[in-house]
Amino acid sequence: MSSSSSVTKLRYADLLAACEFVSAGGVIDSDAYIDRDTGAIHYVSSEFDFDDELPPDLESSDRYIAVPNKHDLDLGRHLVLSFIDRELPNDYGTVAAFFRKKGAYARFTNFLETRRLLQRWYDFRALRTEEALREWCRDNGIAIVDEASTRE
């Protein structure tokens, strides 16, 4: 853990933005690290040059913890299939087949749009993402502090 014994405090919106950044992926190598002492988030990318100077010990010190991406949190294909199993179980095979080819997510969202379930999917995904990130925080000694949050 960090050199101080206090709990790292972080706003949920900041953590979510960092998770989305590292999840954008593709050909861009993107990482984000939380400073356990200050709660600051440091962004690292092979494509973008951020103005902030990175700490020299960023990748070698236990003071920093890497922000997980959506796959680390099991929020990719598995989440999609959980949603379909719950909302459209008769279409499970159809949706699962989408994920055997490129462009799966676009096909999936188009599929949901035709069934008027797209907003329900977005709400489901947001809730599961928040649950997964909050659990990750608990496991890593990070406290989410949101003024408006009732779940702190």
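Residues numbered from 1 in each chain as written. Predicted model: local features only at pLDDT ≥ 70, side-chain atom pairs only at ≥ 80, totals over all residues. Heavy atoms only, no water.

(A) Seen up close, the environment of S23. For S23, the position within the fold is in helix α1 (residues 12-24). With a relative accessible area of 18%, S23 lands in the buried category. Residues S23 and D72, 49 residues apart in the sequence, show an inter-C-alpha distance of 9.3 Å. When near neighbours in sequence (up to four residues on either side) are disregarded, S23 contacts N69 and K70. A polar contact of 2.7 Å, which involves the side chain of S23, links it to the backbone nitrogen of K70. (Helix = DSSP H or I, 4+ residues; strand = E, 2+ residues; numbered from the N terminus. Buried < 20%, exposed > 50% of the residue type's maximum accessible area, 1.4 Å probe, protein only. Contact = heavy atoms within 4.5 Å. Polar contact = N/O pair within 3.5 Å; in protein donor to acceptor, adjacent residues only side chain to side chain.)

(B) Geometry of the pattern of salt bridges. Within this structure, the stated rule accounts for eight salt bridges. D14 is the partner of R11 in a salt bridge, and the nearest nitrogen-oxygen pair spans 3.2 Å. By relative accessible area, which is 37% here, R11 ends up partly exposed. Under the relative-accessibility criterion, D14 is labelled partly exposed at 31%. The partner of E131 in a salt bridge is R128, with the nearest N and O atoms 3.6 Å apart. Pair noted here: E131 and R128 are both in helix α5 (residues 118-139), with a separation of three residues, about one helical turn. R128 sits in the partly exposed class, given a relative accessible area of 25%. Shared partners join several salt bridges into a network, and the residues in it are D35, D37 and R63. (Salt bridge = Lys/Arg side-chain N within 4 Å of Asp/Glu carboxyl O.)

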